[in-house]
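Topology and contacts: notes
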Amino acid sequence: MSDRHGTQAPDRTTSEDPPTKGRLVAIDAARGLALIGLTAIHFLPASDEETHEPTWSWILFAGDSAALFALLAGVGLAFGSGGRTRQQGQSMTAARVGVAVRALLIAAVGMSIGYLMPEDPPAVNILVYYGVFFLLTIPFLHLRPMTLFMCAMLFGVVAPVLMQTLRGRLPEFTAYNPTFNDVVTDPGATAAQLLLTGTYPALPYMTYLLTGLALGRLNLRNGQVQTLLVVVGAGLAAFAYLSSYVLLYIAEGYHQLLPSVPEQSEEVVDEILVWGTDEGLPTSTGWWLAVTTPHANMPLAIAWSLGIGLAVLGTFLLLARAVGPWLLPLSAMGAMTLTLYSTQLVLLSFELHYDQPEIWFLAYLLLAALFAVGWQRAFGQGPFERLVSMAAKGAGRAAVGSRTRPDPH
């Protein structure tokens, strides 16, 4: 899932602004934290058995870990296409082809793992969605940071409205984890799921991708920029939370939600506000756009998760300046999240963790950290990351070579 390595082309042999080691450590460490968050959501219970209140893992990580992954994916795409100096011409063409190949391979890994998952799966696989994220980002790779920020904001507002407007007209998806069979036999429902109705719908998630892409075009080595990320992120999260509270509980939006749920029950509304719903939010009133429920993908929910992601990224960038080497376990895991996350999904498919979730959670993290540190020191890139990177770079070079090769006739 890491995408920080660019594809080179004949007219520019290297990026003019290669990411420094410190920046990579910080970004990989943040990605490692996102992996821990998804692991906690997958392995640990969401609610306390006695009180039925949300657990610490749900409060800390639900929705925000996936958003952080997407944000950092955008930063990686920026690094892979020139960093602060955007690639142009054949270099950008090669980068775009590389991203497309990377997207297809990651989606293929995700759909292959989908065959292992039971009908009621222990985890929803983000890899298939990740492939769609990358494909949708390709047309935006050449844009300036300010334009990218504006596009991100547009997706964050328009996509949720589309979700609520079109939900009743779109086909229901057939599986939580799509496979190649679903793509062939029910392409419409699969496309709707990946774009709008699934757990990680690509159109609202473009807010995170494009924001990350814009950030990767900035000077992330600058301490003022790093501090600004923390301040802006915290402020955006606070704004989203307070706005939701005002709209729902002071402007009486909460009571407008009641007619849209069974028996007009406050208990049902409260459960949706905490946990969300597999069927998506009710569409009978626009007041649902004001919620910050995890995975709701509504405007304020996106703003909250984006703010958390910005603050986390800024914090790790600042930490790496002082204690970079101490971040090694996190950064090593974050550098090979495709390998570790895929392995985690395969492990989860056996459903062995339900009886002792805490032990399985801690055991997985310990083994993942040990493997990541050992492999990185011995071989560098993770195994899946190396294969995907080689294929992406090779495809980029081949595409540019085919354009520049003289016509033999």
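Placed above this text is the structure.
Remember, it's a predicted structure, so these values are computed and weren't measured experimentally.

This part covers the pattern of salt bridges. Evaluation of the coordinates by the stated rule reveals one salt bridge. Between Arg31 and Asp28 there is a salt bridge; the shortest N-O distance is 2.7 Å. Pair noted here: Arg31 and Asp28 are both in helix H1 (residues 21–43), with a separation of three residues, about one helical turn. When sorted by exposure, Arg31 lands in the same class as Asp28, which is buried.

Helix H5 (residues 127–137) sits mainly inside the fold: nine of its eleven residues count as buried. Those residues of H5 lying buried are Leu127, Val128, Tyr129, Tyr130, Gly131, Val132, Phe133, Phe134 and Thr137. Packed against the buried residues of H5 are helix H3 (64–79), helix H4 (89–114), helix H8 (187–197), helix H9 (202–216) and helix H15 (337–349).

What follows deals with the packing of H9 against helix H13 (residues 299–323). At a closest axis distance of 10 Å, the pairing of H9 and H13 adopts a crossing angle of 30 degrees. When the interaxial angle is binned, H9 and H13 end up roughly parallel. Helix-helix and strand crossings are classified by hand; for H9 and H13 the assignment is right-handed. Counted together, Pro204, Thr207, Tyr208, Thr211 and Leu215 of H9 and Ala301, Ile302, Ser305, Leu306, Leu310 and Leu313 of H13 form the full contact between these two elements. When its residues are assigned to classes, the contact of H9 with H13 shows eight nonpolar, three polar and no charged.

Of all hydrophobic cores here, the largest spans 90 residues; its most connected members are Phe133, Phe134, Tyr200 and Met333. Residues contacting Met333, with those up to four places away along its chain left out, are Leu35, Ile36, Leu340, Leu365, Ala368, Ala369 and Ala372. The next biggest cluster of nonpolar side chains, apart from the first, holds 19 residues, and it includes Ala159, Leu248, Trp288 and Ala301.

With that out of the way, let us pick up the packing of aromatic side chains. Tallied over the full model, the rule gives 17 aromatic pairs. Ring centres of Phe43 and Tyr364 lie 5.9 Å apart, and the angle between their planes is 25 degrees; this geometry places the pair in the stacked category. One end of the pair, Phe43, is in helix H1; the other, Tyr364, is in helix H16 (residues 357–379), with 321 residues separating them in the sequence. Overall, Phe43 belongs to the buried group, its relative accessible area being 4%. Geometrically, the ring pair formed by Trp56 and Phe61 is edge-to-face, given 6.3 Å between the ring centres and 70 degrees between the ring planes. Judged by its relative accessible area of 49%, Trp56 is partly exposed. For Phe61, a relative accessible area of 14% puts it in the buried group. Taken together, the aromatic side chains of Tyr129, Tyr130, Phe133, Phe134, Tyr200, Tyr205 and Tyr208 make up a single cluster linked through ring pairs.

Rules and cut-offs
- Residues numbered from 1 in each chain as written.
- Predicted model: local features only at pLDDT ≥ 70, side-chain atom pairs only at ≥ 80, totals over all residues.
- Heavy atoms only, no water.
- Salt bridge = Lys/Arg side-chain N within 4 Å of Asp/Glu carboxyl O.
- Helix = DSSP H or I, 4+ residues; strand = E, 2+ residues; numbered from the N terminus.
- Buried < 20%, exposed > 50% of the residue type's maximum accessible area, 1.4 Å probe, protein only.
- Contact = heavy atoms within 4.5 Å.
- Axes fitted to C-alpha atoms, helices over the stretch in contact; angles between N-to-C directions.
- Parallel < 35°, antiparallel > 145°, perpendicular 65-115°, else oblique.
- Left-handed = near helix turned anticlockwise from the far one by under 90°.
- Nonpolar A, V, L, I, M, F, W, Y, C, P; charged D, E, K, R; others polar.
- Core = buried A, V, L, I, M, F, W, Y, C linked by side-chain atoms within 4.5 Å.
- Phe/Tyr/Trp six-rings, centres within 6.5 Å; stacked < 30°, edge-to-face > 60°.

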